[in-house]
Amino acid sequence: MPDRARVAVFVSGKGTNMAALLYASRLPDSPYELVLVASNAPEAEALTLAAGEGVATFALPHKGMQRADHDAAMEAAAMKAGADYIALAGYMRILSPEFVRRWEGRLLNIHPSLLPKYPGLDTHARAIAAGDSHAGTTVHLVTEDLDAGEALGQVAVAIQSEDTPETLAERVRIAEHQLYPRVLADYVMRENDPAWLLERVRQLALALPETHERESHGSPGWRAGSEKSGKFFAYFADQHHGTPHISLLVKCSSMDELEGLVEAHPHAYHKPAYYGAGGWIGIILNRPGVDWDAIADWLQRSWRQIAPAKLTRLLDAADAF
């Protein structure tokens, strides 16, 4: 099984969703583990539960602190714990835009409504007052706009005729505990899904000027130039030649660079069979925390090594704007 994704959970209260994530992570096939439970409320029951289960904790009251400073301290604790993702679970703080941007795509939250309905507070009362047949819960990515990020999963909960906001909340909470661990697991597992990884690489490669895709020896590859005379600058390798890696193969500037990167960062790079002798390095994609901006840079760098001069001038002109 690949290395498990490392998740920090931010809480402010009892932490029932944190507990659901924690106990699901103890199942033998879980693709994630909790490495930290952090809170803005040192008295939060969630911290006691986590500590009793052997999970590292961090607490820092936010009163008297600038939002950005408190966010920075919480982030530092998550990074020290080696977190790849942050899951908000009853964290009653609005994070600063800078924090959200730094964790884009790696910051999840759970909300007690069927978003986009009823962002914000008092969701159950609003659903009942509107005469809705169902309430529910949504796990979504966090963006700078409140409760507006991409929905990753939802569960609908029927509203009974006698429901109050309190009774409805109890049933929605049960749904939350089923949904959050499943969605988090599915989300982090995409890092090991060849189809998802290929599509990410494809989008980045085809964004380069006059680039087209062509299969080579059973692998998707990308060429710069015309269909007739273009040259390959990248390949997608899905565990080829017996390696456990799903890799992007790109051109290095030299064999010294290739060997140095593989030796210094064996978790991120490898020397691929056959291709490695020609100066191609394998960037390992099926691992937590892939920096996709760096992948885009590698693709552009490899593209520049083989693209005709007129194309590189075209890209330089576009970059100038």
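Everything below is about the structure shown above.
In this text the structure is predicted, and so the values were computed from the model without any measurement. (Residues numbered from 1 in each chain as written. Predicted model: local features only at pLDDT ≥ 70, side-chain atom pairs only at ≥ 80, totals over all residues. Heavy atoms only, no water.)

Caption draft 1: Region of the structure containing the overall build of the protein chain. Regarding its fold elements, the protein chain presents 10 helices and 13 strands. Over its C-alpha atoms, taken along the principal directions, the protein chain stretches across nearly 70 × 40 × 40 Å. Across the 321 residues that make up the protein chain, the buried fraction comes to 48%. The long-range fraction of contacts in the protein chain, counting pairs at least 24 apart against all pairs at least 6 apart in sequence, stands at 56%. Approximately 16,000 Å² of the protein chain is accessible, and the part contributed by carbon and sulfur atoms is 53%. Averaged over its 30 positive side-chain charges, the protein chain has a centre that lies 5 Å from the centre of its 41 negative ones. (Helix = DSSP H or I, 4+ residues; strand = E, 2+ residues; numbered from the N terminus. Buried < 20%, exposed > 50% of the residue type's maximum accessible area, 1.4 Å probe, protein only. Contact = heavy atoms within 4.5 Å. Areas by Shrake-Rupley, 256 points an atom, 1.4 Å probe, with all protein chains shown as cover. Lys, Arg positive; Asp, Glu negative; His and termini not counted. Charge placed at Lys NZ, Arg CZ, Asp CG, Glu CD.)

Caption draft 2: Spotlight on the pairing of strand β6 (residues 134–141). Summarising burial for β6: seven of the eight residues are buried, a large majority. Note that strand β5 (residues 107–111) and β6 share four bridges and pair antiparallel. Bridging across to β6, H111 finds its partner in T138. (Pairing = 2+ DSSP bridges.)

Caption draft 3: How the structure looks around the sheet that holds strand β9 (residues 219–224). The six strands lie next to each other as β8-β9-β10-β11-β13-β12, forming an open sheet whose pairing is antiparallel. Edge positions in the sheet fall to β8 (211–216) and β12 (269–270), since each has one partner strand and no second. Sitting on the sheet, helix α8 (residues 255–264) is in contact with β12 and β13 (280–284), with an inclination near 25° to β13. (Axes fitted to C-alpha atoms, helices over the stretch in contact; angles between N-to-C directions.)

Caption draft 4: View of the sheet that holds β6. Overall, mixed pairing links the seven strands, which are arranged β3-β2-β1-β4-β5-β6-β7 in an open sheet. Two strands bound the open sheet, and with one partner strand each, they are β3 (57–59) and β7 (151–158). Averaged over all pairs of adjacent strands, the angle between strand axes in this sheet comes to 20°, irrespective of strand direction. The pairing of strand β1 (residues 5–11) with strand β2 (residues 32–39) spans seven bridges and is parallel. Bridging across to β2, V9 finds its partner in V37.

Caption draft 5: The environment of Q66, seen in detail. Tracing the backbone shows Q66 in the loop between β3 and α3 (67–80). It is 51 Å that separates the C-alpha atoms of Q66 and K310, two residues lying 244 residues apart in sequence.

Caption draft 6: Representation of the environment of M189 in the model. Mapped onto the fold, M189 is located in helix α6 (residues 165–189). Judged by relative accessible area, M189 falls into the partly exposed class, the value being 42%. For the pair M189 and G149, spaced 40 residues apart in the sequence, the C-alpha separation amounts to 19 Å.

Caption draft 7: Representation of the packing of aromatic side chains in the model. Applying the stated rule across the entire model yields 10 aromatic pairs. Residues W196 and W292 carry aromatic rings whose centres are separated by 6.1 Å and whose planes lie at 85° to one another, so their mutual orientation is edge-to-face. Of this pair, W196 sits in helix α7 (residues 194–206) while W292 sits in helix α9 (residues 292–306), and the two are 96 residues apart along the sequence. Since its relative accessible area comes to 24%, W196 is described here as partly exposed. (Phe/Tyr/Trp six-rings, centres within 6.5 Å; stacked < 30°, edge-to-face > 60°.)

Caption draft 8: A look at the pattern of salt bridges. Taken as a whole, this structure holds 13 salt bridges when the rule is applied. For E213, the salt bridge identified is with R202, shortest N-O distance 2.7 Å. Of the two residues, E213 is situated in strand β8 and R202 in helix α7; the sequence distance between them amounts to 11 residues. Given a relative accessible area of 22%, R202 falls into the partly exposed group. Across the pair K271 and E259 runs a salt bridge whose closest N-O atoms are separated by 3.1 Å. Remark: E259 occurs in helix α8 and K271 occurs in the loop between β12 and β13; sequence separation between them is 12 residues. Its relative accessible area of 37% is what places E259 among the partly exposed residues. (Salt bridge = Lys/Arg side-chain N within 4 Å of Asp/Glu carboxyl O.)

Caption draft 9: Spotlight on the side chain of T138. Secondary-structure assignment places T138 in strand β6. A polar contact is formed between the side chain of T138 and the backbone oxygen of S113, at a distance of 2.7 Å. At a separation of 3.1 Å, a polar atom in the side chain of T138 contacts the main-chain amide nitrogen of L115. (Polar contact = N/O pair within 3.5 Å; in protein donor to acceptor, adjacent residues only side chain to side chain.)

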